[in-house]
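Chain by chain, the residues run as shown.
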Amino acid sequence: RIQILFEIMLKIFLVAVITTAISVQAENRSKEEMMKKVVLPDVPNHGLKSVKMKDCLDKDLYRNAENLKNIHNEDGYLCAFIAFQANKEDDSVIGVFRNKKDATMRYE
C-alpha cells in the first residue's frame, strides 16, 4: 500500500513539474515572437508614433478590469489592443487577426 501511495504521489509530482515547465515556457516567449503576431490596425499616425509595441505586451493591460477602466485615450486603447493580440495562444479559437483590414475592423 505504501508503494502504491508513493507511486501515485510521484505521478502527481511529475504532472505538476511538467505543467509548470510548459507554463514557464509559454511565459518566456520572447518579445520579438509576441510582436510578430500583432497586426496593427489602420489608425491615425499620431497613435502609432506615440505607442511602442514592445511596451504593450503585458497581459494585465486588458485582463485587469481596473486597468481597462483607467484607459482614457487612444494610446491606451491601442496598447491594450496590441497586448491582447500579442498574448493570444496559437491554438486560440478566434486566432490572431489575418490582416490590417481585419485588425482595423476589430479595433474600431
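Check the entry above for the structure.
Since this is a predicted model, take the numbers as computed values, not measurements.

Undergrad: Break down the overall build of the chain for me, citing the residues and quoting the values.
TA: Helices and strands together make up the secondary structure of the chain, namely 7 helices and 0 strands. Start at the N end of the chain and walk to the C end: the helices and strands fall as α-α-α-α-α-α-α. For the chain, long-range pairs separated by at least 24 residues make up 65% of all intrachain contacts whose partners lie at least 6 apart in sequence. Carbon together with sulfur atoms contributes 59% to the accessible area of the chain, which is approximately 8,300 Å² in total.

Undergrad: I'd love a proper account of the packing of helix H6 (residues 74-86) against helix H7 (residues 100-107), names of residues and values included.
TA: Between H6 and H7, the shortest axis-to-axis distance is 12 Å and the interhelical angle comes to 125°. The angle between H6 and H7 places the two elements in the oblique class. In this structure, H6 meets H7 at a crossing whose hand is right-handed. Contacts from Glu74, Tyr77, Leu78 and Phe81 in H6 reach Ala103, Arg106 and Tyr107 in H7. For the contact of H6 with H7, the class distribution of residues is 5 nonpolar, no polar and 2 charged.

Undergrad: For the packing of aromatic side chains, give the residues involved together with the corresponding values.
TA: Following the criterion strictly, the structure yields 3 aromatic pairs and no others. Each ring, one from Phe81 and one from Tyr107, has its centre 5.0 Å from the other, and the planes form 80°; the classification is edge-to-face. Linking Phe81 in helix H6 with Tyr107 in helix H7, this pair joins segments that are 26 residues apart in sequence. The class for Phe81 is buried, based on a relative accessible area of 10%.

Undergrad: Would you mind going over the pattern of salt bridges in detail, with residue names and values included?
TA: Inspection of every chain in the model, using the stated rule, returns 2 salt bridges. Across the pair Glu66 and Lys69 runs a salt bridge whose closest N-O atoms are separated by 3.4 Å. Remark: Lys69 and Glu66 occur in helix H5 (residues 65-69); sequence separation between them is 3 residues, near one turn of the helix. Owing to a relative accessible area of 46%, Glu66 belongs among the partly exposed residues under this scheme. Owing to a relative accessible area of 56%, Lys69 belongs among the exposed residues under this scheme.

Undergrad: Residue-level account of the nonpolar core, with values.
TA: Within the largest apolar cluster, 15 residues are counted, with the highest numbers of intra-cluster contacts made by Val51, Leu78 and Ile82. Put simply, the parts of the chain that give this core at least two residues each are H6 and H7. With 5 residues, H6 is the single largest residue contributor to this core. With sequence-adjacent residues up to four places away left out, Val51 is seen in contact with Cys56, Asp75, Leu78, Cys79 and Ile82.

Quick notes on the rules
Residues numbered from 1 in each chain as written. Predicted model: local features only at pLDDT ≥ 70, side-chain atom pairs only at ≥ 80, totals over all residues. Heavy atoms only, no water. Helix = DSSP H or I, 4+ residues; strand = E, 2+ residues; numbered from the N terminus. Contact = heavy atoms within 4.5 Å. Areas by Shrake-Rupley, 256 points an atom, 1.4 Å probe, with all protein chains shown as cover. Axes fitted to C-alpha atoms, helices over the stretch in contact; angles between N-to-C directions. Parallel < 35°, antiparallel > 145°, perpendicular 65-115°, else oblique. Left-handed = near helix turned anticlockwise from the far one by under 90°. Nonpolar A, V, L, I, M, F, W, Y, C, P; charged D, E, K, R; others polar. Phe/Tyr/Trp six-rings, centres within 6.5 Å; stacked < 30°, edge-to-face > 60°. Buried < 20%, exposed > 50% of the residue type's maximum accessible area, 1.4 Å probe, protein only. Salt bridge = Lys/Arg side-chain N within 4 Å of Asp/Glu carboxyl O. Core = buried A, V, L, I, M, F, W, Y, C linked by side-chain atoms within 4.5 Å.

Worth remembering: the numbers are spatial, not functional.
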